[in-house]
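Residue strings, one per chain:
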Amino acid sequence: MNDPASGNAALAARDLRHIWHPCTQMHDHESVPMLPIVRGEGAWLLDADGHRYLDGISSWWTNLFGHANPRIAAALADQAQRLEHVIFAGFTHEPAIELAEELVRITPPGLDRVFYADNGSAAIEVALKMSFHYWLNQGHGEKTRFIALTGSYHGETLGALSVSDVALYRKTYAPLLLTPFLTPSPDAYEGEPGESAEQTAMRRLGELRALLERHAHETCAVIVEPLVQCAGGMRMYHPAYLAGLRRLCDEFAVHFIADEIAVGFGRTGTLFACEQASVSPDFMCLSKGLTGGFLPLSAVLTRDAVYRAFYAEYGAGKAFLHSHSYTGNPLACRVALETLAIFRDEPVLARNRTLAAHLARRLEPLREHPHVADVRQTGMIAAVELVADKASRRPYPAAERRGLRVYLHGLQHGALLRPLGDVVYFMPPFVITEPEIDRLVEIAAAGIAKAVAGP
Ligand SMILES: *Cc1c(COP(=O)(O)O)cnc(C)c1O
């Protein structure tokens, strides 16, 4: 650990010589440290100099039951010694079969077909193509457009980015993208003064209805992140929007695609966010927590009616065409099965309710902070929105990078917090303890105090 050749500085220097990191202006690393992590345990990460960091963001929202979870690690090791991978066209294996059975069992009713891919963006590509192709196979080739919410994020491959509305990711590549119809997000933070979250949701449904009245005939699907628009700043909305969306999609004959890649698997308080509105979408995209944060894997669930629209004699040319080399990887499927077994064996959702209530109590005092415009929470996702002026909710100029100051403070004090712009959020692994939550919030609060002090 103290050997300088394997310490933080040496590894960071070697990294920066050859690696190009995601979501990063690499120049930042002239001042922001690149942190080599050598171990993980529970909610903690350990760097090569022996410093510990409490993972407040579940390593990009993937981890559920702790880093290097021994139970999941053992299942992975066992599977690796039996079958690591096999082509998934014409061949199958038990982990994929069992996982499909389990996903059909635990997701909302009516989702009976499982298509595997290997990351979240790929799942979105699959859902978009499948929806379009369904309508084509039904004789509705004129349906070529999608409806997305403002502030949405569905990934960064070209199709997924097309239905995303986070300027940071989209703006530069806009000339390459499909153009969706954008409908205003039901985001409660953007509601009218005095309006309840439910009233905002109902008003936004009215706007969606008006859009569908004009464009449903050329629209394949409406795609949403149920309850929380995560990458768009952890913006949250009332479940009434999902219930209304289901009704509108039925009325106007367009699909409802639920992107539960970030909010699925217990994040919002229920196993899936759609449950809070008692709705079944036509497509549900899952990834991230699906493998407990161990391996890349995604799944798109859909209805038998969709599947049947592709099922025909070969010459009809109706087959769905989409493949990835690692589709249905056995290691990833086995790890996902072990993750779902933990949900069966342990009272995960009940424990999360207690943890979420504790987190809420700890965050409460931040509401009074002169530069905090909003403290919001849905289950195990909580966010604190920093602003330059509390009364008008005027944001800080982005160039001031206040959120980055919170990030740096966190690293210096042993916490991984990675604000989205000026939104400091908490999305910890489900194995975090109450004292660890206290620590995380203390570090965040001190980081916020520092970040808003001075120019
Ligand atoms: C992360 C995310 C994606 C993309 O998943 P990747 O595996 O990063 O490609 C899509 N949708 C939502 C809601 C996400 O949070």
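Conventions used here
- Sequence order sets the numbering: in each chain, residues are counted from 1 along the sequence as written.
- Given that this is a predicted model, residues contribute local features only at a pLDDT of at least 70 and side-chain atom pairs are listed and counted only at 80 or more, while totals for whole chains, interfaces and linings are drawn from all residues.
- UniProt positions are given in the numbering used here, feature names are shortened, and annotations may be inferred rather than shown by experiment.
- A run of DSSP states H or I qualifies as a helix once it reaches four residues; a run of E qualifies as a strand once it reaches two. Both are numbered from the N-terminal end.
- The globule rule used here is 2.2 Å times the number of residues to the 0.38 power, and the radius of gyration it is set against is calculated over C-alpha atoms.
- Each residue is classified by how many other C-beta atoms fall within 10 Å of its C-beta atom, where C-beta atoms are placed from the backbone; a count of 20 or more means buried, 12 or fewer means exposed, and values in between mean partly exposed.
- Using a C-beta atom placed from the backbone for every residue, we mark a residue as near a molecule or strand if that atom lies within 6 Å of it.
- Basically, the charged four are Asp, Glu, Lys and Arg, the nonpolar ten are Ala, Val, Leu, Ile, Met, Phe, Trp, Tyr, Cys and Pro, and anything else, Gly included, counts as polar.
- These domain limits were set by an automatic method or by a database of domain assignments.
- Here, axes are lines fitted to C-alpha atoms. For helices the fit covers the stretch in contact, and angles between N-to-C directions go from 0 to 180 degrees.
- Angle categories are assigned with fixed cut-offs, so that under 35 degrees is roughly parallel, over 145 is roughly antiparallel, 65 to 115 is roughly perpendicular, and the rest are oblique.
- If you view the pair so one helix is near and one far, a crossing is left-handed when the near helix is turned anticlockwise from the far one by less than a right angle, and right-handed when it is turned clockwise.
- Note on contacts: each residue gets a C-beta atom placed from the backbone, and two residues are in contact if those atoms are within 7 Å.
- Pairing between two strands requires that DSSP report at least two bridges joining them.
- The span expected for a helix works out to 1.5 Å for each residue beyond the first.
- Each C-beta atom gives one direction from the helix axis, and the arc is the one those directions make.

- An unreviewed UniProt entry lists the protein chain under the name Adenosylmethionine-8-amino-7-oxononanoate aminotransferase, from Rhodanobacter denitrificans.
- The Sequence similarities (unreviewed entry) field of the UniProt record for the protein chain holds the comment "Belongs to the class-III pyridoxal-phosphate-dependent aminotransferase family. BioA subfamily."

## Side note on the overall build of the protein chain
Part 1 of the argument: When you go through the protein chain residue by residue, the secondary structure sums to 14 helices and 16 strands.
Part 2 of the argument: The C-alpha atoms of the protein chain give a radius of gyration of 22 Å, which matches the 23 Å a tight globule of 455 residues would have.
Part 3 of the argument: Overall, the C-alpha framework of the protein chain stretches about 65 × 60 × 45 Å when taken along its three principal axes.
Part 4 of the argument: Looking at the protein chain as a whole, 47% of its 455 residues qualify as buried.

## Re the site of the ligand
Part 1 of the argument: Neighbouring the ligand are 14 residues, the closest being Asn 119, Gly 120, Ser 121, Gly 155 and Ala 262.
Part 2 of the argument: For the shell around the ligand, the residue count by class is six nonpolar, six polar and two charged.

## Re the domain arrangement of the protein chain
Part 1 of the argument: Assigned domains within the protein chain: domain 1 (4-68 + 347-452) and domain 2 (74-345).
Part 2 of the argument: Look at where the C-alpha atoms of domain 1 and domain 2 centre, and you get two points 27 Å apart.
Part 3 of the argument: For the side of domain 1 that touches domain 2, the secondary structure elements donating two or more residues are α2 (58-61), α12 (348-363), β13 (372-378), β14 (381-386) and β16 (423-426).
Part 4 of the argument: In the side of domain 1 that touches domain 2, the residues fall into 13 nonpolar, eight polar and four charged.

## Structural notes on the packing of helix α4 (residues 94-106) against helix α11 (residues 330-345)
Part 1 of the argument: Between α4 and α11, whose axes approach to 8 Å, the crossing angle comes to 40°. What the angle tells us is that α4 and α11 run oblique. Crossing of α4 against α11: the hand is left-handed. Contacts between α4 and α11 involve Pro 95, Ala 96, Glu 98, Leu 99 and Glu 102 from the first element and Pro 330, Cys 333, Arg 334, Ala 336, Leu 337 and Leu 340 from the second.
Part 2 of the argument: Considered class by class, the residues forming the contact of α4 with α11 number eight nonpolar, no polar and three charged.

## Points about the UniProt feature "modified residue: N6-(pyridoxal phosphate)lysine" (unreviewed entry) in the protein chain
Part 1 of the argument: Per the UniProt record, "modified residue: N6-(pyridoxal phosphate)lysine" (unreviewed entry) is annotated on Lys 288.
Part 2 of the argument: The residues touching Lys 288, leaving out its near neighbours within four places in the chain, are Trp 61, Thr 62, Gly 120, Ile 261 and Ala 262.

## Examining the sheet that holds β16
Part 1 of the argument: Spatially, the three strands line up as an open sheet ordered β13-β14-β16, and their pairing is antiparallel. Edge positions in the sheet fall to β13 and β16, since each has one partner strand and no second. Ignoring which end each strand starts from, the neighbouring axes of this sheet average 15° apart.
Part 2 of the argument: Bridge count for β13 against β14 is six bridges, and the pairing is antiparallel. What sits directly across from Asp 374, in β14, is Glu 385.

## Some remarks on helix α14 (residues 434-452)
Part 1 of the argument: Between its first and last C-alpha atoms α14 spans 27 Å; for 19 residues at 1.5 Å apiece the expected length is 27 Å, and the two agree.
Part 2 of the argument: Residues of α14 that are buried include every one of Glu 436, Ile 437, Leu 440, Val 441, Ile 443, Ala 444, Gly 447, Ile 448, Ala 451 and Val 452, and no others. All buried residues of α14 lie within an arc of 165° about the axis, which places them on one face of the element.
Part 3 of the argument: The inward-facing, buried residues of α14 abut β3 (52-55), α12, β14, α13 (402-412), β15 (415-416) and β16.
Part 4 of the argument: Within two residues after α14, Gly 454 carries a phi angle of roughly 75°, on the positive side.

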